[in-house]
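Residue-level structure breakdown
Chain by chain, the residues run as shown.
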Amino acid sequence: MGKLIAVTDAGPLIHLAEIKRLDALNIFNKIFVPPEVNKEARRISKTVPFLRLQKLSIKEKNLAAWIAVRYELDLGEAEAISLCKAKKIKLLLTDDLDARIAAELEGLEAHGSIGILLRAFREGVLTDNQTIKSLQKLESESSLFITHPLIQQAIK
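Residues numbered from 1 in each chain as written. Predicted model: local features only at pLDDT ≥ 70, side-chain atom pairs only at ≥ 80, totals over all residues. Heavy atoms only, no water.

1. With respect to the overall build of the protein
The line we're drawing: A run of DSSP states H or I qualifies as a helix once it reaches four residues; a run of E qualifies as a strand once it reaches two. Both are numbered from the N-terminal end. We take the radius of gyration over the C-alpha atoms and set the globule estimate at 2.2 Å times the residue count to the 0.38 power. We call a residue buried when its accessible area falls under 20% of the maximum for its residue type, exposed when it is over 50%, and partly exposed in between, using a 1.4 Å probe and counting protein chains only. Contacts were defined at the residue level, with two residues in contact if any of their heavy atoms lie within 4.5 Å.
From N to C terminus, the protein includes nine helices and five strands. Going from the N terminus to the C terminus, the protein shows its helices and strands as β-α-β-α-α-β-α-α-β-α-β-α-α-α. Its C-alpha atoms give the protein a radius of gyration of 15 Å, near enough to 15 Å, the size a compact globule of 156 residues would have. Projected onto its principal axes, the C-alpha coordinates of the protein cover approximately 45 × 30 × 25 Å. With 156 residues in all, the protein has 47% of them scored as buried. Once local pairs closer than 6 in sequence are excluded, the contacts in the protein between residues at least 24 apart make up 59%.

Below, the structure is given as structure tokens:
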């Protein structure tokens, strides 16, 4: 438990904070946050001790700009993908479908809030009851657009 390293965009931070489940992030040893994501989720990122703000080099900023244009992504998502590539981190945390597709095309593995909750359950960070309630809250109380059948599938 807690050996994973990832880069995140704002989505999972925002959505897990909305359902008061930032503790699910305890499955990670470190989560790097690029500058644009930090701007979007500054209030949240201050509350998670293992989040690491990571400034981008000029080369990384240029790559992020290229990624944003190529895949039609917001700058935060593009910076997160650029940071993954620069630091050779294979895991991107995002709830954005376009960012997930772009990440996979760039050779990265993308996981969202549902995946984080399920892994937290598998690793014993959350109980089965906590996980089920958290998944239900993702649908009913968070700003994440998610379908009921997907939540039901995750619960099963």
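So that's the structure; there's more coming.
2. Looking at the sheet that holds strand S1 (residues 4-8)
Put simply, the test is: Pairing between strands requires that DSSP locate at least two bridges from one strand to the other. For every element, the axis is a line fit to its C-alpha atoms; helices are fit only across the contacting stretch, and the angle between N-to-C directions ranges from 0 to 180 degrees.
Judged by pairing direction, the sheet is parallel, and its five strands sit side by side in the order S3-S2-S1-S4-S5 without closing on themselves. Where the open sheet ends on each side, the last strands, each with one partner, are strand S3 (51-53) and strand S5 (109-111). Between one strand axis and the next, the sheet turns through 30° on average, direction left out of account. Bridge count for S1 against strand S4 (residues 91-93) is two bridges, and the pairing is parallel. When the sheet's bridge partners are listed, Thr8 is paired in S4 with Leu93.

3. As for the packing of helix H4 (residues 58-71) against helix H5 (residues 75-87)
To keep it simple, the criterion reads: In what follows, roughly perpendicular refers to angles from 65 to 115 degrees, roughly parallel to angles under 35, roughly antiparallel to angles over 145, and oblique to any angle outside these ranges. Handedness of each helix crossing follows the sense of rotation of the near helix against the far helix: counterclockwise by less than a right angle gives left-handed, clockwise gives right-handed. Side-chain classes follow a simple rule in which Ala, Val, Leu, Ile, Met, Phe, Trp, Tyr, Cys and Pro form the nonpolar group, Asp, Glu, Lys and Arg form the charged group, and the remainder, Gly included, forms the polar group.
Across the interface, H4 lies against H5 with an axial gap of 8 Å and an inter-helix angle of 130°. By the angle between their directions, the pair H4 and H5 is classed as oblique. Note on packing geometry: the crossing formed by H4 with H5 is right-handed. For the pair H4 and H5, contact is made by Glu60, Leu63, Ala64, Ile67 and Ala68 and by Ala78, Glu79, Ile81, Ser82, Lys85 and Ala86, respectively. Of the residues assigned to the contact of H4 with H5, the class counts are seven nonpolar, one polar and three charged.

4. Remarks on the pairing of strand S2 (residues 28-33)
We apply this condition: When the strands point away from the viewer and the path from the first strand over the helix to the second turns clockwise, the crossover is right-handed.
Judged from the four bridges that link them, S1 and S2 form a sheet pairing that is parallel. Its bridge partner being in S2, Ala6 is matched across the sheet by Ile31. Handedness of the crossover is the feature at issue here: the chain leaves S1, passes through helix H1 (residues 10-18), returns alongside S2, and the resulting connection is right-handed. Bridging between S2 and S3 involves three bridges; their strand directions are parallel.

5. Notes on the pattern of salt bridges
Condition: Note on definitions: salt bridges are taken to be side-chain nitrogens of Lys or Arg within 4 Å of carboxyl oxygens of Asp or Glu.
Using the criterion set out here, one finds five salt bridges in the structure. The partner of Glu106 in a salt bridge is Arg70, with the nearest N and O atoms 3.4 Å apart. Taken together, the positions of Glu106 in the loop between helix H6 (97-105) and S5 and Arg70 in helix H4 put the pair 36 residues apart, joining distant regions of the chain. Notably, a salt bridge pairs Glu106 with Lys85, separated by 3.2 Å at the nearest N-O pair. Pair noted here: Glu106 is in the loop between H6 and S5 and Lys85 is in helix H5, with a separation of 21 residues, a long-range link. Residue classification places Glu106 among the buried residues on the basis of a relative accessible area of 14%. Each of Arg70, Lys85 and Glu106 takes part in a single network of salt bridges with overlapping partners.

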